Each structure stands twice: as C-alpha cells, then as structure tokens.
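# Per-entry structural report
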Amino acid sequence: MAFFCRQTLPHNESPPMAQYRQAHHHPTRSASQPRAPARSRREALAFAFTLSALGALAIAAAVSLLAPGSAHAQATAAAGGWPTKPVRIVVPFAPGGTTDILARAMAPELSRAFGQQFIVDNRAGAGGNVGAEIVAKSPGDGYTLLMGTVGTHGINRALYAKLPYDPIKDFVPITLVAAVPNVMVMNADKAKAQGIHNVQDFIRVAKASPGKMNMASSGNGTSIHLAGELFKSMTGTFMLHLPYRGSGPALMDMVAGNADVMFDNLPSSMAQIKAGKLTALAVTSSERSSALPDVPTVEQAGGPALKGYEASSWFGLLAPAGTPPDIVNRIQQEVARSLATPAMKERLVAQGAIPGGNTPADFARHIDNEHKKWAQVVKTSGAKVD
C-alpha cells in the first residue's frame, strides 16, 4: 500500500521560505527599503533547502512506517532483483470457486511480502486446461504462476486423451496451498420437497427415477466431477452431468434450483450451507470436517455400497518450467510463512480447508501420488471426456 502526501502551497511562495520569513519576522521588502546583503540571501536559501530536505526525509520515514511489511518487502526484493513488476496468478476457473478463493487469499500476502502486486487472473474453460495451458506456455521468469488443482495436475492426464500441456514437464511445483474435502450438497427446497434428508434417501430417490436428477460440477475432469462419477459407479445411480466453467456459476444454478446435486469443494459451498440455501448431505473425505462436524462422511452415511469412498481436493501454486529455483523457493517460503499465521489458519479452517505450505520436492511427490490415485478413480468410474 502506498501513501501519498500533497501540500497546498501559497501562491508564488514555497513553504520553507514562508516558514523562514515567519520565524525571523521578515516582511516583504518595499521599494524604499535597502536590498538584503548577498550573504543574508545565501543563508536564507541554505536554510530553505535544509527545511526541504528534512521535510522529504520526514515524508519518506512516514511512508515506510505506514506501509505494512514495507521493510520486509524491500529486503526480500533486494535479495535477488525479482520481482520488479506485478506477478500474475492464473486461476483456471471462474470467480467464486475454491481455487479463486484461495488465490485471492494468498495474493495480498505475497504482495506485502515482495513489494509488488500479485494479481489474480481468471482464465476458465475445459476443466482448468485453458488456464493451465496459458501458464505452461509462459516464460519461466517468475511473473506468471498457476493456482493448480487436483484436476489440472492429478486427474486430467488420466481423463483426457490429449492435453494441451504436460502437467509434469511444463511446470515447476512450488507448494501445496490447501487441501479440502468436497461436500455433497442439494438445493435445500428440492431436498425437502423430495423427502431427502441423508445420502441413503438420495440413493433411493435417484434409483427410483434414473436420469431424472442432474449433477452440477465446476467442469469436466475436476474433483467435483469425479467425486460424483465415483458416487454413481459405486451406488448404481445415474445423474446427468452438467459441467460449468467453475464452481461459482454452478452454485448459482444450484441455489436457483436449476441443478439438483453437486459434490462441491467445501469452502465455496460453505456460505450457502450456512445460509440454508444448500443442504449438506455428506463430506467426501475419509474423516468428518471440523468446519461441519455434524455432517457425516459419504462412507458413514451411504452404507455398504459406499465403503471406502473418498474423494478430496487440493490446490497449489506452480510456475512454468525453467523458473529459477531461487524464485520458486522464495515464493514457497512466503506462502508457508503466511499459512502458518494464526489469522490465516483460522480463516482457512473455518471454510473447511487444511493449510499446506510444503516444499517444492514434497509437492512434486504429492502430485505424482495424486495422479496414480485419480487414474484408478477414472478407471473405476468409467468417466470419459472427448
């Protein structure tokens, strides 16, 4: 944050000279008065310049004290020269979803840490592939980052026959930002009208009318899509899939009653659950979420058919291949520092997210493990995207 000071100057007179005249009671010289000696004029000018310099120093000191984290930002930026201009964080989904929420939580933290703006740029489409491709083809100079997801780097290479980017070769992992459970939600009015109070009620209604219910998602290949596909394959139910360009627009249709069920990331649905617009039937993680302690897991609520069901999500920062390790490490360290602060931890946990902050090497291993896991889910569910 920058603070600017502007002083209104008297007409044709500088503040230092005015202060000098007032302090020494020098009235304006009339034509009949003798001209001041040259030495006196030089002393007056010297005094004026001294006051100007002291004023400038005072303003500079005030700015440095008022700007949050400025000393830290200057020291951090000076360490390696980067960044010297704003940094873009590409979010491969529309505003309003969990990917967007987490990116906007981290952007101001990184801006304060590095003394340059970190700007969120939403580039939605193709289950996150559009935004991921943009970053993959950007220079590895530290000025373009991706808020990647389990979809862009864990699911899509198993789901799509061909991707416009290589999730491994085209990126450098930086750090996991957060892991979150998904939550099975219904429009509250629709759930009440159909007598659906829990997962087993939902399975009963869905089986009674195959294909009558639809299932919204944030896009093909997202964890929200695959969580639903896994549910369908394990329960023998069928819902028409409605892929959107992110959780934001999907949730709008859920609240409006145009979509029936969604296995959304918990943070993006939390506000509507608390407002009573959506009914949470179950979380998709292996354990209950502390953010919704009264909501069971899908496995707990679904009976024998859903034994072993688990489908959680994660979100993390990545950079284009070739980004210098020094920049990668500096970003990781600042993200980890921010996520460890009590205020940020409380903010994320309240939304159902588990803060990350692991090292680039650990994040790379996590991505590899997630690909293996979700490749099996894709195979089990039979999900396909042309």
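Residues numbered from 1 in each chain as written. Predicted model: local features only at pLDDT ≥ 70, side-chain atom pairs only at ≥ 80, totals over all residues. Heavy atoms only, no water.

## Looking at the overall build of the protein chain
Inclusion rule: Elements are defined by DSSP. Helices are runs of H or I of four residues or more, strands are runs of E of two residues or more, and each kind is numbered from the N terminus. Under the scheme applied here, a residue whose accessible area is under 20% of the maximum for its type counts as buried, over 50% as exposed, and between as partly exposed, the area being computed with a 1.4 Å probe on protein chains only. In what follows, a contact means two residues having at least one pair of non-hydrogen atoms within 4.5 Å. Per-residue accessibility takes into account occlusion by the displayed protein chains alone, with areas from the Shrake-Rupley method and a 1.4 Å probe.
A count of helices and strands for the protein chain gives 15 helices and 11 strands. When each of the 386 residues of the protein chain is scored for burial, the buried share is 49%. By sequence separation, contacts in the protein chain at least 24 residues apart represent 78% of the contacts at least 6 residues apart. Total accessible area on the protein chain is roughly 18500 Å²; 57% of this is exposed by carbon and sulfur atoms.

## Observations concerning the sheet that holds strand β2 (residues 118–122)
Just so we agree on the cut-off: Here, strands pair whenever DSSP counts at least two bridges between them. Here, axes are lines fitted to C-alpha atoms. For helices the fit covers the stretch in contact, and angles between N-to-C directions go from 0 to 180 degrees.
Pairing in this open sheet of 6 strands is mixed, and the strands run β2-β1-β3-β10-β4-β11 from one edge to the other. Two strands lie at the open edges of the sheet, namely β2 and β11 (354–355), each paired on one side alone. When strand β3 (residues 144–149) meets strand β10 (residues 313–320), the two strands line up antiparallel, connected through 4 bridges. Counted as the bridge partner of Met147 is Leu317 from β10. Its contacts with the sheet place helix α13 (residues 325–339) against β3, β4 (171–180), β10 and β11, and it is angled at close to 10° to β4.

## Concerning the side chain of Thr175
As a reminder of what qualifies: In the analysis that follows, any N or O atom pair within 3.5 Å is treated as a polar contact, provided that within protein one partner can donate a hydrogen and the other can accept it, and provided that, for residues neighboring in sequence, both atoms belong to side chains.
Examined against the element boundaries, Thr175 turns out to sit in strand β4. Overall, Thr175 belongs to the buried group, its relative accessible area being 0%. Of note is the side chain of Thr175, whose polar atom sits 2.6 Å from the backbone oxygen of Asn358. Ignoring anything within four residues of it in the chain, the contact list for Thr175 reads Gly316, Leu317, Gln332, Val335, Gly357, Asn358 and Phe363.

## Observations regarding unusual backbone geometry
What you tend to see is this: most non-glycine residues have negative phi, and most peptide bonds are trans. At the junction of Trp82 and Pro83, the peptide bond is cis and its omega measures out at 0° in the coordinates. Tracing the backbone through its elements, the reader meets Pro83 in the loop between α3 (70–80) and β1 (87–91). Phi angles above zero are rare outside glycine, and Ala126 is one such case at about 55°. On the secondary structure map, Ala126 appears in the loop between β2 and α5 (129–136). With a relative accessible area of 44%, Ala126 lands in the partly exposed category.

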